[in-house]
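Report on the structure
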Amino acid sequence: MRTPPPHEITPLLLSWSRGDQSALEQLMPVVYDELYKLAHSYLRRERSNHTLQPTALINEAYLRLVKQDFPEWQGRRHFYGVAAQLMRQILVEYARTRAAYKRGGGGQKFSLDEALTFSDEKSAELVALDDALVAMAKFDERKVRIIELRYFGGLSLEETAAELGVSIATIGQETRLARAWLRREMET
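Residues numbered from 1 in each chain as written. Predicted model: local features only at pLDDT ≥ 70, side-chain atom pairs only at ≥ 80, totals over all residues. Heavy atoms only, no water.

The next thing to look at is the confidence of the model for the chain. For the chain, per-residue confidence averages 76 on the pLDDT scale, and 77% of positions sit at 70 or higher. Looking over the chain, one finds the lowest element-wise mean pLDDT in helix H5 (residues 120-137), namely 76, and the highest in helix H8 (residues 168-187), namely 90. Every residue in residues 106-119 is under pLDDT 50, and counting partners more than four places away or in other chains gives 34 contacts. (pLDDT = per-residue confidence, 0-100. Helix = DSSP H or I, 4+ residues; strand = E, 2+ residues; numbered from the N terminus. Contact = heavy atoms within 4.5 Å.)

Our next topic: the packing of helix H7 (residues 157-164) against H8. At a minimum axis distance of 8 Å, the contact between H7 and H8 shows a crossing angle of 105°. Regarding the angle of H7 to H8, the classification is roughly perpendicular. Contacts between H7 and H8 involve Leu 157, Glu 158, Thr 160, Ala 161 and Leu 164 on the former and, on the latter, Ile 168, Ile 171 and Gly 172. (Axes fitted to C-alpha atoms, helices over the stretch in contact; angles between N-to-C directions. Parallel < 35°, antiparallel > 145°, perpendicular 65-115°, else oblique.)

Another aspect to go through is the environment of Pro 54. Position of Pro 54 relative to the elements: it lies in helix H3 (residues 54-66). The sequence separation of Pro 54 and Ser 41 amounts to 13 residues, and the corresponding C-alpha distance is 8.9 Å.

This paragraph deals with the nonpolar core. In terms of nonpolar packing, the biggest core is built from 40 residues, with Trp 16, Leu 35, Phe 79 and Met 87 touching the most fellow members. Of all elements in the fold, only helix H1 (6-17), helix H2 (21-43), H3, helix H4 (76-102), H5, helix H6 (141-152) and H8 reach the threshold of two or more residues within this core. (Core = buried A, V, L, I, M, F, W, Y, C linked by side-chain atoms within 4.5 Å. Buried < 20%, exposed > 50% of the residue type's maximum accessible area, 1.4 Å probe, protein only.)

At a minimum axis separation of 10 Å, H6 and H7 run at an interaxial angle of 135°. By the criterion of interaxial angle, the relationship of H6 to H7 is oblique. The element H6 and its partner H7 pack so that their crossing is right-handed. Residues Arg 142, Arg 145, Ile 146, Leu 149 and Arg 150 of H6 pack against Leu 157, Thr 160, Glu 163 and Leu 164 of H7. (Left-handed = near helix turned anticlockwise from the far one by under 90°.)

The subject of this paragraph is H6. Under the 1.5 Å per step criterion, the end-to-end length of H6 is 15 Å for twelve residues, consistent within 8% with the ideal 16 Å. Those residues of H6 lying buried are Lys 143, Val 144, Arg 145, Ile 146, Ile 147, Glu 148, Leu 149 and Phe 152. Positive backbone phi, approximately 75°, marks Gly 154, located one or two places after H6. (Expected span 1.5 Å × (residues − 1).)

The next point concerns the pattern of salt bridges. Counting across every chain of the model gives nine salt bridges. Across the salt bridge formed by Lys 37 and Glu 34, the nearest N and O atoms sit 3.2 Å from each other. Here Glu 34 and Lys 37 lie together in helix H2, a separation of three residues that amounts to about one turn. Judged by its relative accessible area of 47%, Lys 37 falls in the partly exposed class. A salt bridge links Arg 64 to Glu 93; the nearest nitrogen and oxygen atoms lie 2.6 Å apart. Taken as a pair, Arg 64 in helix H3 and Glu 93 in helix H4 lie far apart in primary sequence, 29 residues in all. (Salt bridge = Lys/Arg side-chain N within 4 Å of Asp/Glu carboxyl O.)

One pass over the full model with this rule turns up five aromatic pairs. Ring plane angle 35° and centroid distance 6.3 Å describe the contact between Tyr 32 and Tyr 36, whose orientation is recorded as tilted. Remark: Tyr 36 and Tyr 32 occur in helix H2; sequence separation between them is four residues, near one turn of the helix. Assessed through its relative accessible area of 29%, Tyr 32 is described here as partly exposed. Seen in terms of ring centroids, Phe 139 and Trp 181 are 5.2 Å apart; in terms of plane orientation they differ by 65°. Their pairing is edge-to-face. Of this pair, Phe 139 sits in the loop between H5 and H6 while Trp 181 sits in helix H8; the two residues are 42 residues apart in sequence, bridging distant segments of the chain. These aromatic residues form a ring-pair network of at least three members: Trp 16, Trp 73, Phe 79 and Tyr 80. (Phe/Tyr/Trp six-rings, centres within 6.5 Å; stacked < 30°, edge-to-face > 60°.)

Here you go:
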């Protein structure tokens, strides 16, 4: 399957923003391959025999996307950035719920199939990373956005720079600083 050019995606996003639900129906088949790549990039860090498939993650993110009332999309990169954030939130919620359940707290029911499993070690790492990103957002939201776009969203340096309206050099430097801070925060 081909990756659609931005000129096919952006008009559909803008129509959806104006309330055209048929635009959403047309959009999903066009963006599915890229969403699959996002989901796969999240899940490739998990153990090889877990049962969560990228499709389940895409479906849950899709359900959250369609619940938004007339989102104000700024373009395809904005859409993929939001989708990446949603996927991260879904995985973190699942990991937190699973950890609470294992501690005897019962936890709340999560919308992903209960049969889905993560390795305990990777779930704990994802929760620790999310906690560190939340802490970083209190003093530097742009670095958090860079990490989300680059590592969770799969955007290149150039795409991230264009999305945030800064130079490629700035993205490179802030990525290095963010990674160092996150590493230190997660080790303490």
